[in-house]
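Observations on the three-dimensional arrangement
Residues per chain, in single letters:
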Amino acid sequence: MTLFGVLAAVLIATALVFVLWPLLRKPAARPASMRGTNLAIYRDQFAELERDLELGTLDHAQYEAARAELQRRMLDDVGDQRDGAGNVARGSRVTALLIALALPVTAGVLYAMLGQPEGIGAAKRSVPDSTPVSAEDFAAMTEKLAERMRNDPGDPIGWLMLGRAYKALERYPEAVDALAEADRRRPADAEIMIEYAEALAQMNGTLAGQPRRLLERALTIAPNDAKALTMAGGAAFEAHEYRKAIAYWEKVSIQVPKDSELGQALAAGIERARTLEAGGTADTPVEHSAAQGAISGRVSLAAEFKDNVAPNDTVFIFARAAQGARMPLAIVRMQVKDLPAMFALDDS
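Parameters and conventions
- Residues numbered from 1 in each chain as written.
- Predicted model: local features only at pLDDT ≥ 70, side-chain atom pairs only at ≥ 80, totals over all residues.
- Heavy atoms only, no water.
- Buried < 20%, exposed > 50% of the residue type's maximum accessible area, 1.4 Å probe, protein only.
- Helix = DSSP H or I, 4+ residues; strand = E, 2+ residues; numbered from the N terminus.
- Pairing = 2+ DSSP bridges.
- Salt bridge = Lys/Arg side-chain N within 4 Å of Asp/Glu carboxyl O.
- Expected span 1.5 Å × (residues − 1).
- Contact = heavy atoms within 4.5 Å.
- Polar contact = N/O pair within 3.5 Å; in protein donor to acceptor, adjacent residues only side chain to side chain.
- Axes fitted to C-alpha atoms, helices over the stretch in contact; angles between N-to-C directions.
- Parallel < 35°, antiparallel > 145°, perpendicular 65-115°, else oblique.
- Left-handed = near helix turned anticlockwise from the far one by under 90°.
- Nonpolar A, V, L, I, M, F, W, Y, C, P; charged D, E, K, R; others polar.
- Phe/Tyr/Trp six-rings, centres within 6.5 Å; stacked < 30°, edge-to-face > 60°.
- Patch = residues over 30% accessible without salt bridge, like charges linked within 9 Å, V, L, I, M, F, W, Y side chains within 5 Å.
- Areas by Shrake-Rupley, 256 points an atom, 1.4 Å probe, with all protein chains shown as cover.

What about the pairing of strand E4 (residues 341-345)?
- Burial along E4 is one-sided: the residues Ala341, Phe343 and Leu345 are buried and none of Met342 and Ala344 is.
- Across five bridges, the pairing between strand E1 (residues 295-299) and E4 is antiparallel. Opposite Val299, over in E4, you have Ala341 as the bridge partner.

Description of the pattern of salt bridges
- Scanning the entire structure with this criterion turns up 19 salt bridges.
- The salt bridge involving Glu195 is made with Lys227; its shortest N-O contact spans 3.2 Å. In this pair, Glu195 sits in helix H8 (residues 190-204) while Lys227 sits in helix H10 (residues 226-238), placing the two residues 32 residues apart along the sequence.
- In this structure Glu195 comes out as buried when scored by relative accessible area, which is 8%.
- According to the relative accessible area criterion, Lys227 is partly exposed, its value standing at 31%.
- Among the ionic pairs, Glu198 bridges to Lys227, the shortest N-O distance being 2.9 Å. One end of the pair, Glu198, is in helix H8; the other, Lys227, is in helix H10, with 29 residues separating them in the sequence.
- Using a relative accessible area of 21% as the deciding quantity, one classes Glu198 as partly exposed.

Digging into H8
- With 15 residues, H8 should cover 21 Å at 1.5 Å per step; its first-to-last C-alpha distance of 21 Å lies within 8% of that length.
- Taken together, the buried positions of H8 are occupied by Ala190, Ile192, Met193, Ile194, Glu195, Tyr196, Ala197, Ala199, Leu200 and Ala201.
- As for H8, its buried residues are in contact with helix H6 (156-168), helix H7 (172-185), helix H9 (210-221) and H10.
- Among the residues of H8, the N-terminal cap falls to Asp189, whose side-chain oxygen and the backbone nitrogen of Glu191 are separated by 2.9 Å.

A short note on unusual backbone geometry
- Within the chain, Glu170 stands out as a residue other than glycine whose phi angle is a positive 60°.
- Of the residues examined, Glu170 reaches a relative accessible area of 33% and is grouped as partly exposed.
- For His240, which is not a glycine, the phi torsion comes out positive at approximately 65°.
- Within the secondary structure, His240 is located in the loop between H10 and helix H11 (242-253).
- His240 sits in the partly exposed class, given a relative accessible area of 23%.

Let's talk about the side chain of Asp189
- Along the chain, Asp189 falls in the loop between H7 and H8.
- One polar contact links the side chain of Asp189 to the main-chain amide nitrogen of Ile192, over a distance of 3.2 Å.

So, H9
- The end-to-end C-alpha separation of H9 is 17 Å, in line with the 16 Å expected for 12 residues at 1.5 Å each.
- On the buried face of H9, the contacting elements are H7, H8, H10 and H11.

Thoughts on the packing of H6 against H8
- Across the interface, H6 lies against H8 with an axial gap of 11 Å and an inter-helix angle of 30°. Comparing their axes, H8 and H6 come out roughly parallel. As H6 packs across H8, the resulting crossing turns out to be left-handed. Of H8, the residues touching H6 (which contributes Leu160, Arg164 and Lys167) are Glu191, Ile192, Glu195, Glu198, Ala199 and Gln202.
- Residue classes in the contact of H6 with H8 are distributed as three nonpolar, one polar and five charged.

A word on the environment of Leu329
- Take Leu329: it is sitting in strand E3 (residues 328-335).
- Classification of Leu329 as exposed rests on a relative accessible area of 56%.
- Separated by 61 residues in sequence, Leu329 and Ala268 place their C-alpha atoms 9.9 Å apart.
- Among all residues touching Leu329, those that are not within four sequence positions of it are Ala319, Arg320 and Ala321.

Structural notes on the packing of aromatic side chains
- This structure, assessed with the given rule, holds two aromatic pairs.
- Seen from their ring centres, Phe237 and Tyr242 are 5.3 Å apart, and the 70° between their planes marks the pair as edge-to-face.
- We classify Tyr242 as buried; its relative accessible area is 1%.
- By the ring-pair criterion, three or more aromatic residues cluster together here, those being Phe237, Tyr242 and Trp249.

Points about a nonpolar patch on the surface
- There is a patch of nonpolar side chains on the surface, built from Phe316, Phe318 and Ile331 and spanning about 310 Å² of accessible area.
- Within the element layout of this structure, Phe318 appears in strand E2 (residues 314-320).

Notes on the environment of Leu229
- Assignment of secondary structure puts Leu229 in helix H10.
- Separated by 11 residues in the primary sequence, Leu229 and Ala218 place their C-alpha atoms 9.5 Å from one another.
- Excluding residues within four positions of it along the chain, Leu229 makes contact with Leu219, Pro223, Asn224, Tyr248, Trp249, Lys251, Val252 and Gln255.

This is the structure:
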């Protein structure tokens, strides 16, 4: 705050010097008064008229008319000049005083209205580096963060960041451990609960059990959280509680554009839940038809694309309904290094 005040004062003083110096400095000495200079100019012009008359460039009538006009201009010009140096100096000093008062006051008022005074004493933050991070660099940074958390385990946000990093690396057991530690140290944080539930579901392949309980806890704290509502709807759907799933998803659907990817997925999920609910009660599992289809095959990467991808790039293989919503009905996730690979898609 003190440094900011000093720098602001220096900048204002510098600005005042540039503005006030022309107003306060004494006028430079002149070799002759302005009036004398003008008279000398007019004398030269009268002499030129005399030469033009002698040379015959002007006749007598033209000479008299030009001389009369020149005399009139001389009387108007020279007669209006006054020695107002004292008045000008006094006016300049008054103007300088007003500027010296108005400039810092105006700057302070504008900063208070348009600036961020509360940011003066805020902690400094480094500008994030926008350079793309490779998978190896990200893994190395994650290990550094893990080492820091082992040495200083009291920061729940650090554990949250570590858990997210492990999830991005698909190291789900380590993500679960980190997020469990974050939840233990900050048990009333809805964001931590949601991330913890997601990591558990990714590790175990189901939202049932502890993930669902964590989501229900999170929703008591953040009842409109879109991610928690979406996952809670998935947990209810998985448990064949279709009415609850619909309620969760409808609460999310009003928060997102209907034509967005999430909006379309929610609409498809709600439609499917209603269809399944019509075949039984909300708490009764619906038996699936034995005639359900499956798709299998082999996927490989074309030779012309091999130089444009990295081994750890993600590959999604998914199936959509031939008609209706565009939400994937089944999906398999793998990496480029796994190709070529066989796949099988069905309702499981």
